[in-house]
Amino acid sequence: SKTIKKICCIGAGYVGGPTMSVVAKQCPHIEITIVDMNAERIAAWNDENLENLPVYEPGLQEIVAEARGRNLFFSTDINKAIDEADMIFISVNTPTKNYGKGKGMAADLKYIELCARQIASVAKDDKILVEKSTLPVRTAAALKSILDNTGNGVNFHILSNPEFLAEGTAIQDLINPDRVLIGGENEEAIAALVNIYAHWVDQSKILTTNLWSSELSKLTANAFLAQRVSSINSISALCEKTGANVDEVSKAIGMDTRIGAKFLKASVGFGGSCFQKDILNLVYIARSYGLTEVAEYWDQVILMNDYQKQRFADNIIQTLYNTVSGKKIAFLGWAFKKDTNDTRESAAIYVADYLLNEQAEITVYDPKVSAERIYADLDYLNTRSSEENRLLVKVVNTPYEACDDAHAVAILTEWDEFKSYDWKKIKDQMKKPAFVFDGRKLLNRKQLEDLDFKYYAIGE
Ligand code: NAD
Ligand code: UDX
């Protein structure tokens, strides 16, 4: 099969950056250029100070330090990178559409189509195109039509190669994946991509399928994972009414090998850029084929997640004597999970919004998320003016500042460092009774109760 010497990846985001860094590390003989139309992002990827990389992932800085300038390059010259590459990964964002038909449901494919048109117009020799972005099933057919109708008479082979990395563990997931999935029609193109992964992934874990199975498997995997979280969260509500403890229930059911122990941690609700977007997309696709029951089945996963976030906020309000107006609530964590600076769809955003509607004052501390990001997340909701958001929400640099004089602490992200804080010092600084609402079941109930905290955790 064709040996790939040069790769171009369009999209230098949370997927493109880490994924291509790992390919560059594992395949020093392949030259990889990651391009993006966002010049600021590319500049950050090229920053000498590795702390300034646009994506925070454990282990990423070391890999970029090793490969950047050797066989890994970040550039805004998209045409040049397309022209020179044998294989082009498309790793651009596919957000939920916020206009027109399918608004709030369908995936917005405008960035994907722009890539296809740009590739078609630039390419002067045959290219293999790899769908790395998460796409609705049958997108490859649309891409093929654009390429064949607008190209320069060269051949394009399209592969689907969805990415299963989770943020916070991206490098580890990429180096040691459960499986690599490659969908396609052309044997030679499939073999070319298989050979790249085979440099570090065991052949038995490289799965090849037809295009449509591969595209649909990505949406399905995220739907199943999110469904587990919503399922255990639904049980957490029942635990709170009955005296059962959701961690004990998780453990008891997870030891059944048919169920499995992973992804059964009750929480304030799942966030992240993928789960909600991909399920909405699945629901939209099912509806568009007239499969109403299928659509409604999966829609419940999202409704349960919204309910969980609302429930967490309601419990805070109710416990604080039915009013949080003018009360300071300290948020520990804003990221959608630990070990990432990503906040997209984080439960913290929605819990904050509910509490702000009740006129709470919120102080936020997150070890990796900037104040700018937090205000942008709130402004994006359009619930109140950005002046009001800045007045009601303060972002601080230490947890102790966040908790000082607060009526309650709410844990929104499971950062490890929260466990080792001086909780006695925090208690002494707070208004009494000092409440802790643990949306991640992170802290030790006994330790906190011994310190005289009123401790509330999901599902207990
Ligand atoms: P992202 O927003 O972090 O990055 C996408 C980048 O693409 C942006 O920097 C944007 O400027 C760039 N871009 C968009 N259109 C472009 C164009 N025409 N030319 C050049 N650059 C362009 O998104 P992400 O989180 O990396 O996700 C990318 C895709 O991967 C999505 O489809 C997502 O569903 C999927 N995915 C994400 C994850 C995850 O954990 N974030 C995991 C698996 C799959
Ligand atoms: C997810 C998928 O795991 C990954 O395979 C896919 O490629 C992208 O989407 P990601 O969103 O980065 O990855 O993180 P993930 O670990 O799946 O967590 C998603 C959300 O679910 C987080 O908010 C997390 O806190 C929450 N979660 C996860 C729970 O509340 N309980 C769990 O048991 C697991």
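Everything quoted here is computed from the prediction, not taken from an experiment.

A. The packing of helix 5 (residues 110-122) against helix 6 (residues 139-150), seen in detail. Running from N to C, helix 5 and helix 6 point in directions that differ by 30 degrees, and their axes come no closer than 9 Å. Put simply, helix 5 runs roughly parallel to helix 6. The crossing of helix 5 and helix 6 is right-handed. Residue-level inspection shows Ile112, Glu113, Ala116, Arg117, Ile119 and Ala120 of helix 5 in contact with helix 6, the latter providing Thr139, Leu143, Ile146, Leu147 and Thr150. Split by residue class, the contact of helix 5 with helix 6 holds seven nonpolar, two polar and two charged.

B. Just the site of ligand 1, in detail. Ligand 1 sits among 27 residues. The nearest are Asp36, Arg41, Thr94, Glu167 and Lys277. Methionine 37 has a polar backbone atom sitting 3.3 Å from a nitrogen atom of ligand 1. Within the backbone of threonine 134, a nitrogen or oxygen atom sits 3.0 Å from an oxygen atom of ligand 1. Relative to its unbound accessible surface of 840 Å², ligand 1 loses 94% to contact with the protein. The leading source of residues in the shell around ligand 1 is helix 5, at three residues. Of the residues contributing to the shell around ligand 1, the split by class is 11 nonpolar, nine polar and seven charged.

C. Local environment of the sheet that holds strand 2 (residues 31-35). Taken in spatial order, the eight strands line up as 3-2-1-4-5-6-7-8 in an open sheet, and their pairing is mixed. The sheet is open, and its two borders are formed by strand 3 (72-75) and strand 8 (206-209), each paired with just one other strand. Each strand of the sheet is rotated relative to its neighbour by a mean of 25 degrees, with strand direction disregarded. The pairing of strand 5 (residues 127-131) with strand 6 (residues 156-160) spans five bridges and is classified as parallel. Bridging from a neighbouring strand, lysine 127 pairs with phenylalanine 156 of strand 6.

D. Quick peek at a nonpolar patch on the surface. The grouping of Tyr289, Leu291 and Val294 at the surface amounts to a nonpolar patch, some 290 Å² of accessible area in total. Counting through the fold element by element, leucine 291 comes out in the loop between helix 11 (275-288) and helix 12 (292-319).

E. Main features of unusual backbone geometry. The omega angle of the peptide bond from lysine 432 to proline 433 is -5 degrees, so this bond is cis rather than trans. Mapping proline 433 onto the fold places it in the loop between helix 17 (423-429) and strand 13 (435-438). Despite not being glycine, arginine 138 shows a phi value in the positive range, around 90 degrees. Positionally, arginine 138 belongs in the loop between strand 5 and helix 6.

F. Seen up close, the site of ligand 2. Lining the immediate surroundings of ligand 2 are 20 residues, of which Leu165, Lys218, Ser267, Lys337 and Arg440 lie closest. Leucine 264 places a main-chain nitrogen or oxygen 3.4 Å from an oxygen atom of ligand 2. Within the contact set of ligand 2, an oxygen atom lies 2.7 Å away from a side-chain nitrogen or oxygen of arginine 440. Protein chains bury 91% of the 660 Å² of accessible surface belonging to ligand 2 in isolation. Per element, the largest residue contribution to the shell around ligand 2 is four residues, and it comes from helix 9 (residues 211-242). Counted by class, the shell around ligand 2 contains 11 nonpolar, three polar and six charged residues.

The rules behind the values
Residues numbered from 1 in each chain as written. Chains lettered and ligands numbered in written order. Predicted model: local features only at pLDDT ≥ 70, side-chain atom pairs only at ≥ 80, totals over all residues. Heavy atoms only, no water. Axes fitted to C-alpha atoms, helices over the stretch in contact; angles between N-to-C directions. Helix = DSSP H or I, 4+ residues; strand = E, 2+ residues; numbered from the N terminus. Parallel < 35°, antiparallel > 145°, perpendicular 65-115°, else oblique. Left-handed = near helix turned anticlockwise from the far one by under 90°. Contact = heavy atoms within 4.5 Å. Nonpolar A, V, L, I, M, F, W, Y, C, P; charged D, E, K, R; others polar. Near = heavy atom within 4 Å. Polar contact = N/O pair within 3.5 Å; in protein donor to acceptor, adjacent residues only side chain to side chain. Areas by Shrake-Rupley, 256 points an atom, 1.4 Å probe, with all protein chains shown as cover. Pairing = 2+ DSSP bridges. Patch = residues over 30% accessible without salt bridge, like charges linked within 9 Å, V, L, I, M, F, W, Y side chains within 5 Å. Salt bridge = Lys/Arg side-chain N within 4 Å of Asp/Glu carboxyl O.

None of this, on its own, says anything about what the molecule does.
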